[in-house]
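# Descriptive structure summary
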Amino acid sequence: MDVPVKPTLHDGALTDQFGRKITYLRLSVTDRCDLRCHYCMAEDMVFLPKSNVLTLEELLELSEAFMKRGVRRIRLTGGEPLVRKNILWLIEALGRHVTSGELDEVTLTTNGTQLPKMANDLYRAGVRRINVSLDTLDNDQFKTISRRDRLDAVLNGIEAAKAAGLQVKINTVAMKGFNEEEIPDLVDWATSQDFDITLIETMPMGDVEGNREDSYLPLTAVKAALDSQFSLQSTDYRTGGPARYYSVGDRNARLGLITPLTNNFCEGCNRVRVTCTGRIYMCLGQDDHIDLRAALRAEGNPNALDEALDTAMGLKPRGHDFAVSDGKMVGKVHRHMSHTGG
Ligand code: SAM
Ligand code: SF4
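All of the points below concern the structure found in this document. (Residues numbered from 1 in each chain as written. Chains lettered and ligands numbered in written order. Predicted model: local features only at pLDDT ≥ 70, side-chain atom pairs only at ≥ 80, totals over all residues. Heavy atoms only, no water.)

### Focus on the site of ligand 2
Near ligand 2 the following residues occur: C33, L35, R36, C37, C40, M41, G79 and N111. Here the residues of the shell around ligand 2 sort into five nonpolar, two polar and one charged. (Near = heavy atom within 4 Å. Nonpolar A, V, L, I, M, F, W, Y, C, P; charged D, E, K, R; others polar.)

### Considerations on the pattern of salt bridges
Under the counting rule described, the total for this entry stands at 13 salt bridges. Linking R150 and D34 is a salt bridge whose minimum nitrogen-to-oxygen distance equals 3.6 Å. With R150 in the loop between α4 (139–146) and α5 (151–164) and D34 in the loop between β1 (24–28) and α1 (56–68), this pair connects stretches of sequence that are 116 residues apart. For D104, the salt bridge goes to R72, with nearest N and O atoms at 2.6 Å. Note that D104 is positioned in the loop between α2 (87–99) and β3 (105–110) and R72 in the loop between α1 and β2 (73–77), a separation of 32 residues in sequence. By relative accessible area, which is 30% here, R72 ends up partly exposed. Among the charged side chains, a salt-bridge network with shared partners connects R69, D306 and D310. (Salt bridge = Lys/Arg side-chain N within 4 Å of Asp/Glu carboxyl O. Helix = DSSP H or I, 4+ residues; strand = E, 2+ residues; numbered from the N terminus. Buried < 20%, exposed > 50% of the residue type's maximum accessible area, 1.4 Å probe, protein only.)

### Description of helix α10 (residues 304–313)
With respect to burial, α10 is a largely interior element, eight of its 10 residues being buried. Residues of α10 that are buried make contact with α1, β10 (271–274), β11 (279–281), β12 (289–291) and α9 (292–297). (Contact = heavy atoms within 4.5 Å.)

### So, the site of ligand 1
Among the 18 residues in the neighbourhood of ligand 1, the closest are listed as G79, E80, T109, S133 and M203. Within the side chain of Y39, an N or O atom sits 3.2 Å from an oxygen atom of ligand 1. Contact between ligand 1 and E80: a nitrogen atom at 3.2 Å from a side-chain N or O atom of the residue. Its free accessible area being 550 Å², ligand 1 has 95% of it covered by the protein chains. Elements supplying a minimum of two residues to the shell around ligand 1: β3 and β5 (167–174). (Polar contact = N/O pair within 3.5 Å; in protein donor to acceptor, adjacent residues only side chain to side chain. Areas by Shrake-Rupley, 256 points an atom, 1.4 Å probe, with all protein chains shown as cover.)

### A look at the packing of helix α3 (residues 115–125) against α5
It is at 8 Å that the axes of α3 and α5 come closest, and there the two elements cross at 25°. Between α3 and α5, the crossing angle belongs to the class labelled roughly parallel. Viewed along their axes, α3 and α5 form a crossing whose handedness is right-handed. The residues of α5 that touch α3, namely those facing L115, P116, A119, N120 and Y123, are A153, N156, G157, I158, A160, A161 and A164. Residues of the contact of α3 with α5, tallied by class, amount to nine nonpolar, three polar and no charged. (Axes fitted to C-alpha atoms, helices over the stretch in contact; angles between N-to-C directions. Parallel < 35°, antiparallel > 145°, perpendicular 65-115°, else oblique. Left-handed = near helix turned anticlockwise from the far one by under 90°.)

Here it is, written out as C-alpha cells:
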C-alpha cells in the first residue's frame, strides 16, 4: 500500500500564525555604511567580519527561496546597500526575475551618496523606485546627524536618480530639537519636485549616544502643524508598508507618516527582514530570529531552508511592542537598525 504523502508547506505561500501572507522581503546586504547617523549607529561601530556575511550568491539563493514561497517584492537595504562590493550583480539578477514576472519589484533604501555614479546602472538593472533617506537640507545639520560631510553627494545623487528615470521617495526621521523646525521645508522641497516624502518616528533600536527620548518627536503634533500649511487630505494609497499617506494640497506627491510609537499599523504586516548574516527577523521590534545561513549551508538536507522558513512563520508576532509610556520609550530591541536593515 502506498504511504500517503504528508502535505508540506514547502511549496506553499509563507503564511504566519495570524493568517498574514508574507509577500515582501527586506534584505540587508551589508552592515557597513559610509555615514554614521546618530540614531542608527555609534561612531565607533564595530562591523561584522566579512566571513560572517552572506555572499552575493547566497543572497540570491535566499531571495529565490523566498520567491518560491510567494514573495513578490524585494527591497535591498543595510547598512548602505550601495557600498557592498559588486552589489549590481545581485540587483541585475533580481531584475531578471522582475522581467520574467516572478517578482513584481526590486527596490532599495539608500542614503544616496553612491547614486551619482550608480543611478543609471540601477535603472538598467530593472530598479524603478528607490527610497532615499535625508533628514535635513542644511549642510551643518547634515554633518551633525550623519557625522559626515556628504550632503552634496546625496543631493547630487537624488538629481542623478531623477535624471535616470528612477522614482524617488524621501525618508526623513523626525527628531525633536534637530529637524523639527525644518520639516515643513523638507516637505515643501520634496513635494514640489514630485517626490513623496515619509516622516518616521525614531525607534528604540540599539544603543546610541545620548537619550533617545530627548529626540523623540511624536508625529501627531507634526501632522497638525503641516496640515495648516499644506492642507493634507487622508488617502487610501498604500505601499504594503506601515505608512499612512496624505495628499499635499494640489501637489503631485504625497506625505507618508510612519508612527510606530504613537500608532502602530501591524495588523496588515506582509513583510519579514533578513540580515546580511542570514538571520530572519519576523518583526523590527522583536528579538526572536532564525538562522537561515545555517539552513542555507546545510549539507544533505535540501528542505532545510524551507523548514527554517516554516519555523520562522510560527514566530511572527501580532505586532511590535515599541511604545512611549510615562515619557519613556519601551519595547526596545538591542540590535541596531543598520544590522536588521531598515
Ligand atoms: N543606509 C540606508 C539608508 O540610510 O537609507 C539604508 C539602511 S537605513 C538603516 C534605513 C532607514 O532606517 C533609514 O531611512 C534610516 O533613517 C532609518 N533608521 C535607522 N535607525 C532608525 C531608528 N532608530 N529609528 C527610525 N528610523 C531609523
Ligand atoms: Fe548608514 Fe543608513 Fe544607518 Fe545612516 S541610517 S548610518 S546611512 S545605514
